[in-house]
There are 2 protein chains.
Amino acid sequence: MNVVLLGSGNVATHLALALKAIGENITQVFSPNLINAKTLAKKVGSEAINSFSEVERNADLYIISVKDDAIAEVAGNLKGIDGLVVHTSGTTDLKVLSSTVKHAGVFYPLQTFSKSKDVDFKMIPLCLEATDDMQLEILKQLANRLSTKVYQLDGEKRKVLHLAAVFACNFTNHLYALANDLLTNRDLDFDIIRPLIAETADKVMVDLPRNVQTGPALRNDESTINKHLTMLADLPELQEIYITLSNSIKLVHK
Amino acid sequence: MNVVLLGSGNVATHLALALKAIGENITQVFSPNLINAKTLAKKVGSEAINSFSEVERNADLYIISVKDDAIAEVAGNLKGIDGLVVHTSGTTDLKVLSSTVKHAGVFYPLQTFSKSKDVDFKMIPLCLEATDDMQLEILKQLANRLSTKVYQLDGEKRKVLHLAAVFACNFTNHLYALANDLLTNRDLDFDIIRPLIAETADKVMVDLPRNVQTGPALRNDESTINKHLTMLADLPELQEIYITLSNSIKLVHK
């Protein structure tokens, strides 16, 4: 397939590399910032462009991988194109595309991407949606070559998944960051807590999180909870997080 | 060494198995519940007891691995003993032991233990403290045979570490559980989000969490945040957690 990639961020970059690895031909990389377009285009052997007028009209697949609030604008510049146009957003309705282009779909990789870290694309859940069965079939065939975890999800489910991901990934990482702040304030290295973080994630690979919950809130250990709140007396934001999450644990496990 | 283990919970169990694996002799397992004592004693080939009067007085090491608020009581029954007495608690002062027994220490494994899941003890940080250098040396030599990650920490640092662990482990696992609740409410399987959880933890094995934060709060993406809050309208506890953690992310990254 000839693929035009619109975007040059983390998702666009990892997706482009994965597509290239399975032999797909990324003909163009578009970014309003030509330097960004060139950086990615160079990696995957394609043309870098920064003007919508340069977008070729006869590609098979157009992947819009930009910030959510820019998707509609990019799609507006693809009017009249015959190829399949997809976005990679967890929260954006399919109709943002389908109201503008003929063949529309969603190709949402559920993963947290950093430019500096490789990921095994085969393990990334790919969540698909399309305006009709034929387009869905095209996406499925492509997705199955990229990953072993392909899901067909409607927009409502995809949004719930994205929300769950904020809890399980974004908020979780922030808790790691707060833990690191507590440690470095007392000259303790983050390294000391890395095995615990790894094991906490590893435990839920084979079990459900509710079954493996531990800690003072689960045990209703008010003595330890109060000691911790005293230690956080000078950090009211952390105290609030501690109370909010402890109460939630108690509520779920009461 | 002859070791008496007082306790039969998750920490006691994993520690007993690790001690047996390096050839230490666990002579007795004490628990007020004899069935629990027997279950663990059988695994490590030792005697099960449920009365303090049966505790042998000449062991080299006594490990108290019980709930924090029961440590003082157990120690009270070890008065006059010559061997080293340690507890395995992250939050309990050394002096809870040293005010009662001659030789006291702390042997705190920083990990989340489930009875159903094996852990590689070599990777568990062991945090040591003792009343004097000779006892500390005994603990260090033992710890170095059990784990590659041995730390000498005073009580204040150990307590901070325990608090950080609540954020990085207990609260994190609860976020996984909340994510699972959101998914199952919409007939989505937890399996779909497991690769994301694994990668989120994996990213901070080589980088600091602040450097790899992602998500709508980091991007100040109020449009997505508001969509999420609307989706959580019927779940006020989750809405509160969402707001509290998003605000904290914004504050840290402003």
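Please refer to the structure higher up on the page.
Numbers given for residues are sequential positions, taken from 1 along each chain in its written order. Think of it this way: whatever chain is written first is A, whatever ligand is written first is 1, and the rest follow in order. Local features in a predicted model are, by the rule used here, given only for residues with pLDDT of at least 70; side-chain atom pairs are given and counted only at 80 or more, and totals for whole chains, interfaces and linings are based on all residues. Here the side-chain values reflect all heavy atoms present in the structure, with hydrogen atoms and water set aside.

### Notes on the relation of the copies chain B and chain A
Line of reasoning, step 1. All copies are superposed by least squares; the fitting set is the C-alpha atoms of residues with a pLDDT of at least 70 in both. Between the two copies, chain B and chain A, the superposition gives an RMSD of 0.0 Å; the rotation angle is 180° and the shift along the axis is 0.0 Å. Both copies of the chain, as the preceding transformation shows, are related through a two-fold rotation axis. No C-alpha of chain B lies nearer the rotation axis than that of B:Thr172, which sits 2.7 Å from it.
Line of reasoning, step 2. In what follows, residue pairs with any heavy atoms lying within 4.5 Å of each other are defined as contacts. Looking at the interface residues of chain B, 100% of them are also at the interface in chain A, so both copies use one shared face.

### What to know about the sheet that holds strand 8 (residues 150-152) of chain B
All names here are of chain B.
Line of reasoning, step 1. If you trace the eight strands from one edge of the open sheet to the other, you get 3-2-1-4-5-6-7-8, paired in mixed fashion. Of all strands in the sheet, those bounded by a partner on one side alone are strand 3 (47-49) and strand 8. The sheet shows a mean angle of 25° between the axes of neighbouring strands, direction not considered.
Line of reasoning, step 2. At least two bridges found by DSSP between two strands are what make those strands a pair. Helix and strand assignments follow DSSP, with helices taken as H or I runs no shorter than four residues and strands as E runs no shorter than two, numbered in order from the N terminus. When strand 6 (residues 103-109) meets strand 7 (residues 126-130), the two strands line up antiparallel, connected through five bridges. Paired with Gly 105 across the bridge in strand 7 is Ala 130.
Line of reasoning, step 3. As a rule, the C-alpha atoms of each element are fitted with a line to give its axis, helices using only the stretch in contact, and angles between N-to-C directions run from 0 to 180 degrees. Lying on the sheet, helix 6 (residues 155-185) is in contact with strand 5 (84-87), strand 6 and strand 7; it crosses strand 6 at an angle near 25°.

### Points about the nonpolar core
Most often, soluble globular proteins have nonpolar side chains that are buried together.
Line of reasoning, step 1. Among buried residues, the Ala, Val, Leu, Ile, Met, Phe, Trp, Tyr and Cys ones that are joined through side-chain atoms within 4.5 Å form a nonpolar core. Residue exposure (1.4 Å probe, protein chains only): buried if accessible area is under 20% of the type maximum, exposed if over 50%, otherwise partly exposed. Of all hydrophobic cores here, the largest spans 116 residues; its most connected members are A:Leu6, A:Phe167, A:Ile193, B:Leu6, B:Phe167 and B:Ile193.
Line of reasoning, step 2. Residues contacting A:Leu6, with those up to four places away along its chain left out, are A:Phe30, A:Phe52, A:Val55, A:Tyr62, A:Ile63, A:Ile64, A:Ser65, A:Val66, A:Val74 and A:Leu78.

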